[in-house]
Amino acid sequence: DAQEVESLALFLRRERARILEAVEPFTREHLWPLGAAEGFDLRAALPDTPLDAESPFLLCSGRPGVPHLSGRTRFGDDAEEEWFVVWLLLLITKKFPGVTASVVDPDGQFLLIEAADVIPPSLDPGKALHAVFLRDGAVHIVGGMRRR
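Residues numbered from 1 in each chain as written. Predicted model: local features only at pLDDT ≥ 70, side-chain atom pairs only at ≥ 80, totals over all residues. Heavy atoms only, no water.

Okay, the packing of aromatic side chains next. In total, this model carries 2 aromatic pairs according to the counting rule given. Their ring planes at 85° and their centres at 5.0 Å tell us that F26 and W87 sit as a pair that is edge-to-face. Placement of the pair is F26 in helix α1 (residues 2-27) and W87 in helix α2 (residues 79-95), with a sequence separation of 61 residues. Owing to a relative accessible area of 37%, F26 belongs among the partly exposed residues under this scheme. W87 gets classed as partly exposed once you look at its relative accessible area, which sits at 37%. Plain terms: the ring middles of F84 and W87 are 6.1 Å apart, the flat faces sit at 20° to each other, and that makes the pair stacked. With F84 and W87 both in helix α2, this residue pair falls 3 residues apart, about one helical turn. Through pairs of rings, three or more aromatic residues link up here, namely F26, F84 and W87. (Phe/Tyr/Trp six-rings, centres within 6.5 Å; stacked < 30°, edge-to-face > 60°. Helix = DSSP H or I, 4+ residues; strand = E, 2+ residues; numbered from the N terminus. Buried < 20%, exposed > 50% of the residue type's maximum accessible area, 1.4 Å probe, protein only.)

Dropping the structure here:
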């Protein structure tokens, strides 16, 4: 119902504020590459949030309609920036118990690609949507070993 959605939206806005406050010391003076004016930001995505490919924010591709915080940062081919965002997400998942994050780039789940040498042979990266996630400040691979 509408009251439940509004309550959930308020909760997500509060969590967003808490998370952004926690990472602000690291992002405040960070120089994002040209064209990444939005830097690191999050937005509440509710079940009725429209999916707009041109928007800087998208719903999770595998779980549309699931309320969550979502963000998109543009930085081209700068791998260091991608790893900085992963570091921020690891920090967030460590500081906020119960928070889980996933990272996707134009090539897919780049953490799964990076972990290709250590994933079990039974895990097919082409069919492993959402197989890698960040939680409790660590990288987790579904069907694999937990790595720190």
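Having seen the structure, we can now continue with the description.
Per-residue confidence for the protein chain averages 76 on the pLDDT scale, and 72% of its residues sit at or above 70. Segment residues 52-62: pLDDT under 50, and 32 contacts once partners within four positions in sequence are set aside and those in other chains are kept. Here residues 144-148 is modelled with pLDDT under 50, and outside its nearest four sequence neighbours on either side it reaches 9 contacts, counting other chains as well. (pLDDT = per-residue confidence, 0-100. Contact = heavy atoms within 4.5 Å.)

It is worth spelling out the pairing of strand β4 (residues 132-135) at this point. Residues V132 and L134 line the buried face of β4, whereas the alternating positions F133 and R135 sit on a face that is not buried. Examined bridge by bridge, strand β3 (residues 100-101) and β4 share 2 bridges and lie antiparallel to one another. Of the residues in β4, the one forming a bridge with A101 is L134. Where β4 meets strand β5 (residues 138-141), 4 bridges bridge the pair, whose relative direction is antiparallel. Across the sheet, the residue bridging to V132 is I141, located in β5. (Pairing = 2+ DSSP bridges.)

Here we take up the sheet that holds β3. One open sheet accounts for 3 strands, arranged β3-β4-β5; its pairing is antiparallel. At either end of the open sheet lies a strand with only one pairing partner, and these are β3 and β5. Its contacts with the sheet put α2 on β3, β4 and β5, and the angle it makes with β4 is roughly 50°. (Axes fitted to C-alpha atoms, helices over the stretch in contact; angles between N-to-C directions.)

For the structure shown, the criterion picks out 4 salt bridges. D41 is the salt-bridge partner of R16, the closest N and O atoms lying 2.7 Å from each other. Of this pair, R16 sits in helix α1 while D41 is found in the loop between α1 and β1 (43-45), placing the two residues 25 residues apart along the sequence. Judged by relative accessible area, D41 falls into the partly exposed class, the value being 22%. Between R28 and E24 there is a salt bridge; the shortest N-O distance is 3.2 Å. A relative accessible area of 51% places R28 in the exposed class. (Salt bridge = Lys/Arg side-chain N within 4 Å of Asp/Glu carboxyl O.)

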